[in-house]
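# Structural overview
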Amino acid sequence: MRLLEERIRREALVVLPDVLRVDMFLNHLIDAELLDEIGAEFARIFADEVGRITKILTVEASGIAIACAAARHFGVPVLFAKKGAGNKTLDKDVYCSSVFSFTKEAVSTVSVARRFLRPGERVLVIDDFLANGAAARGLLDIIDQADAELAGIGIVIEKGFQPGGTVLRAQGVRVESLALIKSMSEGRVTFAESEAALAL
Ligand code: 5GP
């Protein structure tokens, strides 16, 4: 997605060799116009899933706004996994998974109320970043526990030099990213056109 790539080139900050900050337009201060374009792009890529998926699943907090922008095009609700065990605002009857957070370097529990995800549902997973794939695996685990079906994973920014995307695709999961980063160094982000181009 050219618009997104340009925005990353112009504004995003490489703060560590493998960490990109996009809090100036995506996951702290949010550019709602860009978010609308992102939602529309997910709908274009997953057009074959319109009318098939029953829910979009994401994880709090950064995934929520993005998932909502996409969900308007699919006409389905957004379900977000809540972080932290024993949340008093959450049902007792939940699916749980443990996720190692790439940015916080700690394991956290993510939970989804059973009554909001039923067997046989078809689910599209949406998130802001794909790095090592732990967040995605946690959500896939919850979909499995619910006996629901995975339609695919839509990611805004995939860091292709980390293994998450490659591993998930090798397992047969449909992973679609709007911006695929081949490499990054201070002041420079290089994109790949496709997963195949990562190796070139
Ligand atoms: P993974 O679980 O695939 O290793 O990492 C994905 C999760 O970690 C995403 O939900 C995202 O919030 C966070 N994350 C991973 N890499 C980055 C990054 O470079 N920048 C930011 N802002 N978040 C990241």
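Summarised in this report is the structure supplied together with it. (Residues numbered from 1 in each chain as written. Predicted model: local features only at pLDDT ≥ 70, side-chain atom pairs only at ≥ 80, totals over all residues. Heavy atoms only, no water.)

## What to know about the site of the ligand
Threshold: Nearness of a residue to a molecule or strand requires only that one of the residue's heavy atoms be within 4 Å of it. Throughout this description, a polar contact denotes any pair of N or O atoms lying within 3.5 Å of each other; where both atoms belong to protein, one of them has to be capable of donating a hydrogen while the other can accept it, and for residues adjacent in sequence the pair is counted only when both atoms sit in side chains. Areas reported here follow the Shrake-Rupley algorithm with a probe of radius 1.4 Å; residue values treat only the protein chains shown as occluding. Labels follow the DSSP assignment, with helices taken as runs of H or I lasting at least four residues and strands as runs of E lasting at least two, numbered in each case from the N terminus. For this classification, the nonpolar set comprises Ala, Val, Leu, Ile, Met, Phe, Trp, Tyr, Cys and Pro, the charged set comprises Asp, Glu, Lys and Arg, and every other residue, Gly included, is treated as polar.
The immediate surroundings of the ligand are formed by 16 residues, with Leu20, Asp127, Asn132, Gly133 and Lys159 found nearest. In this structure, an oxygen atom belonging to the ligand sits 2.8 Å away from a main-chain N or O atom of alanine 135. For the ligand, whose unbound accessible area comes to 500 Å², protein coverage reaches 89%. Those elements that place two or more of their residues in the shell around the ligand are strand 2 (19-21), strand 7 (122-130) and helix 4 (134-145). For the shell around the ligand, the element with the highest residue contribution is strand 7, accounting for four residues. When the residues that make up the shell around the ligand are grouped by side-chain class, the tally is eight nonpolar, four polar and four charged.

## Digging into the environment of leucine 198
For the record, the criterion: Whether two residues touch is decided by their heavy atoms; if any such pair falls within 4.5 Å, the residues are in contact.
As for its position among the elements, leucine 198 is in the segment after strand 10 (188-191). Remark: the alpha-carbon pair of leucine 198 and serine 98, spanning 100 residues in sequence, is separated by 29 Å. Excluding residues within four positions of it along the chain, leucine 198 makes contact with Gly160, Leu180, Ile181, Lys182 and Ala192.

## What about the nonpolar core?
Just so we agree on the cut-off: What is meant by a nonpolar core is a set of buried Ala, Val, Leu, Ile, Met, Phe, Trp, Tyr and Cys residues, joined one to another through side-chain atoms within 4.5 Å. For every residue, the accessible area obtained with a 1.4 Å probe (protein chains only) is divided by the maximum for its type, and the residue is called buried under 20%, exposed over 50%, and partly exposed between those limits.
Ranked by internal contacts, the top residues of the largest apolar core, which has 37 residues, are Leu4, Ile8, Leu20, Ile38 and Ile56. Sorting the residues of this core by element identifies helix 1 (2-11), helix 2 (32-45), helix 3 (62-74), strand 7, strand 8 (149-159), strand 9 (175-185) and strand 10 as the ones contributing at least two each. Membership of the second largest hydrophobic core comes to 25 residues, among which are Val125, Leu130, Leu139 and Val175.

## Topic: the pattern of salt bridges
When the charged atoms of two side chains lie near each other, side chains of opposite charge can form a pair. As a reminder, the rule being used: The working definition used for a salt bridge is a side-chain nitrogen of Lys or Arg within 4 Å of a carboxyl oxygen of Asp or Glu.
Taken as a whole and assessed by the stated rule, the structure comprises 17 salt bridges. Of the charged contacts, one joins aspartate 36 and arginine 72 as a salt bridge, the two residues approaching to 3.9 Å between their closest N and O atoms. Here arginine 72 lies in helix 3 and aspartate 36 lies in helix 2, a separation of 36 residues in the sequence. By relative accessible area, aspartate 36 is classed as partly exposed at 41%. For arginine 169, the salt bridge identified is with glutamate 158, shortest N-O distance 2.8 Å. Taken together, the residues arginine 169 in helix 5 (residues 164-170) and glutamate 158 in strand 8 connect sequence positions eleven residues apart. Given a relative accessible area of 21%, arginine 169 falls into the partly exposed group. On the basis of relative accessible area, glutamate 158 is assigned to the buried category, the value being 1%.

## Overview of the packing of helix 1 against helix 2
Filter applied, for reference: Angles run from 0 to 180 degrees between N-to-C directions of axes, and those axes are lines fitted to C-alpha atoms, restricted for helices to the stretch in contact. By definition in this entry, angles of less than 35 degrees are roughly parallel, angles greater than 145 are roughly antiparallel, angles of 65 to 115 are roughly perpendicular, and the rest are oblique.
Where helix 1 contacts helix 2, the axes come no closer than 10 Å and their chain directions differ by 140°. In terms of axis orientation, helix 1 runs oblique to helix 2. Taken together, the residues of helix 2 that come into contact with helix 1 (itself represented by Leu3, Leu4 and Arg7) are Leu34, Glu37 and Ile38. Within the contact of helix 1 with helix 2, the residues separate by chemical class into four nonpolar, no polar and two charged.

## Overview of a nonpolar patch on the surface
Defined as follows: The patch calculation keeps residues exceeding 30% relative accessible area without a salt bridge and links them within 9 Å when they carry like charges or within 5 Å when they are nonpolar (Val, Leu, Ile, Met, Phe, Trp, Tyr).
Together, Leu13, Val15 and Leu16 line one region of the surface with nonpolar side chains, adding up to about 250 Å² of accessible area. Locating leucine 13 in the fold gives a position in strand 1 (residues 13-16).

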